[in-house]
Amino acid sequence: MTDMAKFAAYDAAGRILFVVSCSDDMAELNMRINGFTQFAKAPLQVRSDEYYMPEGILKQRPKMATELNGNTLAGVLAGATVTIEGHDYAADGTDVELEFTSAGEHLVKVILWPYQDQEFKVENPA
């Protein structure tokens, strides 16, 4: 029996698009059948929300240091996208004051490639 290895396909930015376990001699065929041309062997099971592959080298996606303090997001990096109530806003590197149109719990996302996405649940009182 042939040993199985992990292979990950990635795009030009290093985003992991597809992961497969197969023998070394089947990797290229598997990737080609699934429409991927850039891939590399991965030393471990990879998840696209935790890892990326710049130039085919597996690296852990760095974590952002954004923190929620009341209704303020502190430490949002410039260039990040902050999603509030389904609307995207570009962050300029300053603190973000959160405002909502309705009461209740809201999910706020902070995204900046290649950093790991962050999500915050914010309760907005009536």
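Look above for the structure.
Topic: unusual backbone geometry
With an omega of 5°, the peptide bond running from Trp113 to Pro114 counts as cis. Relative to the helices and strands, Pro114 resides in the loop between strand 11 (104–111) and strand 12 (118–124). Look at Glu55: it is not a glycine, yet its phi comes out positive at around 55°. By secondary structure assignment, the location of Glu55 is in the loop between strand 4 (51–52) and strand 5 (59–60). Residue Glu55 is classed as exposed on the basis of its relative accessible area of 76%. Despite not being glycine, Glu85 has its phi angle at roughly 50°, a positive value. Mapped onto the fold, Glu85 is located in the loop between strand 8 (81–84) and strand 9 (87–90).

Remarks on a nonpolar patch on the surface
Taken together, Met26, Leu29 and Ile33 make up a surface patch of nonpolar side chains, about 270 Å² in accessible area. Mapped onto the elements, Met26 comes out in helix 1 (residues 24–33). Given the relative accessible area of 36%, Met26 is considered partly exposed.

Quick look at the pairing of strand 12
Residues Gln118, Phe120, Val122 and Asn124 of strand 12 are buried on one face, while the alternating residues Glu119, Lys121 and Glu123, pointing to the opposite face, are not. Count of turn residues in the strand 11/strand 12 antiparallel hairpin: 6 residues.

Digging into the nonpolar core
Ranked by size, the top nonpolar core spans 15 residues in total, and within it Leu73, Val76, Val82, Leu98, Val108 and Val110 carry the most contacts. Contributions of two or more residues to this core are made by strand 8, strand 11 and strand 12. Each residue touching Val108, except ones within four places of it in the same chain, is listed here: Leu73, Val82, Thr83, Ile84, Leu98, Phe100, Gln118, Glu119, Phe120 and Val122. Of all hydrophobic cores here, the second largest spans 8 residues; its members include Ala8, Tyr10, Val46 and Tyr51.

Digging into the sheet that holds strand 12
Read from one edge to the other, the open sheet built from 4 strands follows the order 9-8-11-12, with strand pairing classed as antiparallel. Each edge of the open sheet carries a strand with a single partner, namely strand 9 and strand 12. Sheet twist, expressed as the average angle between the axes of neighbouring strands with direction ignored, equals 25°. Sheet topology places strand 8 next to strand 11; 4 bridges connect them, and they run antiparallel. Its bridge partner being in strand 11, Val82 is matched across the sheet by Val110.

Reading guide: rules and limits
Residues numbered from 1 in each chain as written. Predicted model: local features only at pLDDT ≥ 70, side-chain atom pairs only at ≥ 80, totals over all residues. Heavy atoms only, no water. Helix = DSSP H or I, 4+ residues; strand = E, 2+ residues; numbered from the N terminus. Buried < 20%, exposed > 50% of the residue type's maximum accessible area, 1.4 Å probe, protein only. Patch = residues over 30% accessible without salt bridge, like charges linked within 9 Å, V, L, I, M, F, W, Y side chains within 5 Å. Areas by Shrake-Rupley, 256 points an atom, 1.4 Å probe, with all protein chains shown as cover. Salt bridge = Lys/Arg side-chain N within 4 Å of Asp/Glu carboxyl O. Pairing = 2+ DSSP bridges. Core = buried A, V, L, I, M, F, W, Y, C linked by side-chain atoms within 4.5 Å. Contact = heavy atoms within 4.5 Å. Axes fitted to C-alpha atoms, helices over the stretch in contact; angles between N-to-C directions.

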